[in-house]
Amino acid sequence: MISKEKIKYSNLANFRFAKLNEKYLLTTDMGRWIFLAESEFKKFLEGNVKKNTLLHQQLVDGGFIKTRKTELSQYASQYLKLNSSLSQGPSLFIFVLTLQCNHRCLYCQVTPEKRGATGFDMSKQIAKKSVDIAFESPSPYIGLEFQGGEPLLNWPVLEYIVKYTKKINKTAKKELKISLVTNLTLMDEKKLAFLIKENVSIGCSFDGPGFVHNKNRIYLDSKGGSYKPLVENIKKVQQAIVRKKQKSNGEFVDNLNAILTTTKFSLPYPKEIVDEYLAKGFNNIFIRPLSPFGLQRKTIDIIGYSAEEFIEFYEKALDYILELNLGGVLFVERTAALALKRILSYKDSSYYEMRSPCGAGIGQIAFDYNGNVYTCDEGRMAERMGHDNFKLGSVHEDKFSTIVDNEVTRTMCLGSSLDNQAGCSDCVYKPYCGICPLANFIEYGTIFPQITNTDKHKINKALFEYFFKKIGDEKYKNIFESWIV
């Protein structure tokens, strides 16, 4: 390798690099990247890349080489494009409508209450105050997301929030999206008709074939498993969405989306899980590892696995998904699509796990059922585990400015900035990555752990390596580009 004495430092802009597939991958804070052969990398470091060549122009355009024409404003514009959500203010607001639930999923992050438990529902008064605070955000985008427990168990307040939000938005004129995260087993025709009419996006958990899903997602309201009522309602929701699209006159109508939470029971069946999604009419899957919140801390010996086991599962699933796409079946893995939007289009995907800082308190705020306000959904989950470190205030006493501008929010920004984490600041994947300070606190007792020793780091690094290796093959790159259109 080249000696340090031969490096022409005055010629080089700021970049990070790593050897991958016998080539060197270089990235910048603006998200630009390039693969160089070893001979090209040597010439680049020594300042011997000939001007007026394609390679020289690519290095200049990507911000790897400084020239007299280099404009700071150009780099600033590119950086802001990659991290646009950081400058907008909070845009995602979680509404915890109830802690009641008719499930006891082995990986539940919430620590829920049984159906029928009293004192765990959001009131209309708290809901109104929460919506009013959300609309004080300077962001032109407002996303409301209903969480639980099972949010359908507090239907009157859900319905009230949708109507009230749309009423005040006639004046506020925000770009508005309302979403519901539900186990879907309590959906009925009246509720579905309202959600479709009001264009509320619906997302559910779906862990694949019944023999996997029923192990993970325990159904309390029946001796049978949760799989059967879920798939029956999946079909009903999808049919209702199709009917809405046919009458929409060009209005955007979101598809039903589903999330796969991977457990030990999932690991032998990557192909079967993808096939189950296809069979039930989905054109995408969101593959997620376990999170260290809620009941999962008590069930980890039953459902847990190593980082290496998850990586193997994920890569097998994605290999199969890419095969399907090569065969003409458009099917998207959403974790990859969110990462690839940053990598291939240099745009912010607004995904909080791929932001630095992550957005706790500055991009996302959670309103708990009792009016307490937290940095994010994970913040209120931590509170249920006995950690009240992430509370920002209360809708009864605080306003938007005091909720956002306080020491907890500032601490979360510091704890989730990759520049403040040893092992992250010089990582080649830094422009596309992010960390969760709350998960770090729950797992390691600090928001500043030894990141390179964490499972999350191992998983993120492996996934980015996988994406970039596949991008090096034109046929896979073309598939990835079709996912982010």
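We now turn to the structure provided with this report. (Residues numbered from 1 in each chain as written. Predicted model: local features only at pLDDT ≥ 70, side-chain atom pairs only at ≥ 80, totals over all residues. Heavy atoms only, no water.)

1. A word on empty space enclosed by the protein
Then step 1. One pass over the structure, following the stated rule, counts four cavities of 30 Å³ or more.
Then step 2. Computed from the structure, the largest cavity encloses a volume of approximately 190 Å³.
Then step 3. What lines the largest cavity is a set of 18 residues, among which Thr335, Met354, Lys456, Asn460 and Leu463 lie closest to the centre.
Then step 4. Residue assignment for the lining of the largest cavity shows that the elements contributing at least two residues are strand 11 (284-288), helix 12 (334-344) and helix 17 (455-471).
Then step 5. Residue contributions to the lining of the largest cavity peak at six residues, all from helix 17.
Then step 6. Among the residues forming the lining of the largest cavity, the class breakdown is twelve nonpolar, three polar and three charged.
Then step 7. Size it by volume and the second largest cavity reaches roughly 130 Å³.
Then step 8. What lines the second largest cavity is simply Leu418, Cys424, Cys427, Tyr429, Lys430, Cys433, Ile435, Ile451, Lys456, His457, Asn460 and Lys461.
Then step 9. When the residues that make up the lining of the second largest cavity are grouped by side-chain class, the tally is seven nonpolar, two polar and three charged. (1 Å grid on protein atoms, 1.4 Å probe; cavity = no way out; pocket = protein on both sides within 12 Å on 5 of 7 lines; lining within 4 Å. Points joined across faces, edges and corners; volume = space filled by probe spheres on them. Helix = DSSP H or I, 4+ residues; strand = E, 2+ residues; numbered from the N terminus. Nonpolar A, V, L, I, M, F, W, Y, C, P; charged D, E, K, R; others polar.)

2. Describing the sheet that holds strand 2 (residues 23-27)
Strand pairing within a sheet occurs via backbone hydrogen bonds; the two strands may be parallel or antiparallel.
Then step 1. The three strands are arranged 1-2-3 in an open sheet whose pairing can be described as antiparallel. Edge positions in the sheet fall to strand 1 (16-20) and strand 3 (33-36), since each has one partner strand and no second. Ignoring strand direction, the axes of neighbouring strands in this sheet form an average angle of 25°.
Then step 2. As paired elements, strand 2 and strand 3 share four bridges and run antiparallel to each other. Counted as the bridge partner of tyrosine 24 is leucine 36 from strand 3.
Then step 3. Against the sheet, helix 1 (residues 38-46) engages strand 1, strand 2 and strand 3, with an angle of about 115° to strand 3. (Pairing = 2+ DSSP bridges. Axes fitted to C-alpha atoms, helices over the stretch in contact; angles between N-to-C directions. Contact = heavy atoms within 4.5 Å.)

3. Points about the packing of helix 6 (residues 189-197) against helix 8 (residues 227-246)
Then step 1. Contact geometry of helix 6 with helix 8 gives a least axis separation of 10 Å together with a crossing angle of 40°. Between helix 6 and helix 8 lies a crossing whose hand is right-handed. Counting all contacts with helix 6, which are made through Leu192, Ile196 and Lys197, the residues of helix 8 involved are Lys236, Val237, Ala240, Ile241 and Lys244.
Then step 2. Class assignment for the residues of the contact of helix 6 with helix 8 results in five nonpolar, no polar and three charged. (Left-handed = near helix turned anticlockwise from the far one by under 90°.)

4. Section: the packing of helix 12 against helix 17
Then step 1. Where helix 12 meets helix 17, the closest approach of the two axes is 11 Å, and the angle between their N-to-C directions is 65°. You can see that helix 12 and helix 17 cross each other, and the crossing is right-handed. Each of Thr335, Ala336, Ala339, Leu340, Ile343 and Leu344 in helix 12 lies in contact with helix 17, whose residues at this interface are Leu463, Phe464, Phe467, Phe468 and Ile471.
Then step 2. Looking at the contact of helix 12 with helix 17 residue by residue, the classes come out as ten nonpolar, one polar and no charged.

5. Remarks on the packing of aromatic side chains
Then step 1. Within this structure, the stated rule accounts for 32 aromatic pairs.
Then step 2. With centroids separated by 6.3 Å and ring planes inclined at 25°, the aromatic side chains of phenylalanine 41 and phenylalanine 44 adopt a geometry described as stacked. Here phenylalanine 41 and its partner phenylalanine 44 are both found in helix 1, three residues apart, which amounts to about one turn of the helix.
Then step 3. Residue classification places phenylalanine 41 among the buried residues on the basis of a relative accessible area of 1%. (Phe/Tyr/Trp six-rings, centres within 6.5 Å; stacked < 30°, edge-to-face > 60°. Buried < 20%, exposed > 50% of the residue type's maximum accessible area, 1.4 Å probe, protein only.)

6. Considering the pattern of salt bridges
Then step 1. Inspection of the entire model under this criterion finds 24 salt bridges.
Then step 2. With a shortest N-O distance of 3.8 Å, glutamate 38 and lysine 19 are connected by a salt bridge. Highlighted residues: glutamate 38 in helix 1 and lysine 19 in strand 1, separated in sequence by 19 residues.
Then step 3. Classification of lysine 19 as partly exposed rests on a relative accessible area of 46%.
Then step 4. With a shortest N-O distance of 3.8 Å, lysine 461 and glutamate 465 are connected by a salt bridge. Taken as a pair, lysine 461 and glutamate 465 lie in helix 17 at a separation of four residues, close to a single helical turn.
Then step 5. Judged by its relative accessible area of 24%, glutamate 465 falls in the partly exposed class.
Then step 6. Within the structure, one salt-bridge network assembled from shared partners comprises Arg16, Asp29, Asp419 and Lys430. (Salt bridge = Lys/Arg side-chain N within 4 Å of Asp/Glu carboxyl O.)

7. Quick notes on the pairing of strand 1
Then step 1. Bridge count for strand 1 against strand 2 is five bridges, and the pairing is antiparallel. Its bridge partner being in strand 2, phenylalanine 17 is matched across the sheet by leucine 26.
Then step 2. Remark: two residues form the turn of the hairpin made by strand 1 and strand 2, two consecutive strands paired antiparallel; asparagine 21 in that turn has positive phi of roughly 55°.

8. Here we look at the pairing of strand 13 (residues 364-367)
Then step 1. Residues Gln364 and Ala366 of strand 13 are buried on one face, and the alternating residues Ile365 and Phe367, pointing to the opposite face, are buried as well.
Then step 2. Bridge analysis of strand 4 (residues 92-96) against strand 13 gives four bridges, and the strand direction is parallel. For leucine 92, the partnering residue across the bridge sits in strand 13 and is glutamine 364.

9. Notes on the nonpolar core
Then step 1. Among the nonpolar cores identified, the biggest contains 126 residues, and Phe95, Met122, Ile161, Phe367, Phe467 and Trp483 are the most heavily contacted of them.
Then step 2. Sort the elements by how many residues they give to this core and helix 11 (residues 307-326) lands first, with eleven residues.
Then step 3. Formed by 16 residues, the second largest nonpolar core is a distinct cluster that contains Ile7, Leu12, Tyr24 and Leu26. (Core = buried A, V, L, I, M, F, W, Y, C linked by side-chain atoms within 4.5 Å.)

10. Notes on the environment of asparagine 21
Then step 1. Along the chain, asparagine 21 turns up in the loop between strand 1 and strand 2.
Then step 2. Placed 157 residues apart in sequence, asparagine 21 and isoleucine 178 show a C-alpha to C-alpha distance of 43 Å.

11. Some remarks on the sheet that holds strand 15 (residues 391-394)
Then step 1. What the ten strands build is an open sheet, ordered 12-11-10-9-8-7-4-13-14-15; its pairing is mixed. A single partner strand is all that each edge strand has here, and the edge strands are strand 12 (332-333) and strand 15.
Then step 2. Two elements, strand 7 (residues 141-147) and strand 8 (residues 175-182), share six bridges in a ladder whose sense is parallel. The residue of strand 8 that forms the bridge with isoleucine 142 is leucine 176.
Then step 3. Packing against the sheet, helix 13 (residues 377-384) makes contact with strand 4, strand 7, strand 13 and strand 14 (372-374), and its axis sits at approximately 45° to strand 13.

By themselves, these observations are geometric and do not establish any function.
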